[in-house]
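If you want the building blocks of each chain, they are given just below.
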Amino acid sequence: MLTLYYYDSCPFCRRVIRAIDELGIRGQLQYRNIHESREAASEIRHYQNGRSQVPMLLIGTVPMLESEDIIAYLRERFGQKAASH
């Protein structure tokens, strides 16, 4: 399962979510808002050794940071193109 850690006002998170919508894969991911869930905030710090950078895509137990890297990964994995603007 893929898990996206994000918060609503983050422009880089919105970019990733827009790409997810354009790929039509919203149901393929779990979403964890770090501003709405203390558990999610704790989880993201665990995977980033105390940091809490978003967006973060958790692929199994491997965190991926940087919106452009996440979008590129999702495009490659799901085999479709999405705009990244």
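Parameters at a glance
Here the residue numbering is sequential within each chain, running from 1 through the sequence in written order. Thresholds applied to this predicted model are a pLDDT of at least 70 for local features of residues and 80 or more for the giving and counting of side-chain atom pairs; totals over whole chains, interfaces and linings are not thresholded and use all residues. Derived side-chain values reflect all non-hydrogen atoms in the structure, with water molecules and hydrogen atoms excluded from consideration. Two rings from Phe, Tyr or Trp (for Trp, the six-membered ring) form a pair when their centres sit within 6.5 Å of each other. Planes less than 30 degrees apart are called stacked, planes more than 60 degrees apart edge-to-face, and all others tilted. Going along the chain from the N terminus, every DSSP run of H or I of four or more residues is numbered as a helix, and every run of E of two or more is numbered as a strand. In this scheme, a residue with accessible area under 20% of its type's maximum is buried, one over 50% is exposed, and one in between is partly exposed, where area comes from a 1.4 Å probe on protein chains only. Working rule: Lys NZ or Arg CZ, within 6 Å of ring centre, within 35 degrees of ring normal, means a charge sits over the ring. Crossovers are described as right-handed under a simple rule: with the strands pointing away from the observer, the path leading from the first strand over the helix to the second runs clockwise. Any two strands with at least two DSSP bridges between them are considered paired.

### Details of the packing of aromatic side chains
Counted according to the given criterion, the structure contains 1 aromatic pair. Consider the rings of Tyr6 and Tyr31, whose centres lie 6.4 Å apart with planes at 85°: the pair is edge-to-face. Here Tyr6 is found in strand β1 (residues 2–6), whereas its partner Tyr31 is found in strand β2 (residues 29–33), with 25 residues between them in sequence. Since its relative accessible area comes to 14%, Tyr6 is described here as buried. Taking the relative accessible area as the measure of exposure, Tyr31 reaches 24% and is therefore partly exposed. Of note, Arg26 hangs over the ring of Tyr31, and the distance from its end group to the ring centre comes to 5.5 Å.

### Topic: the pairing of β1
Burial runs high along β1: 5 of the 5 residues are buried. Side chains Leu2, Leu4 and Tyr6 of β1 all project onto a buried face; the interleaved residues Thr3 and Tyr5 project onto the opposite face, where all are buried too. For the segment spanning β1, helix α1 (residues 11–23) and β2, crossover handedness is right-handed. Across 4 bridges, the pairing between β1 and strand β3 (residues 56–59) is antiparallel. Residue pairing across strands places Leu2 opposite Ile59, the latter belonging to β3.

Bear in mind that shape data such as this cannot, by itself, settle questions of function.
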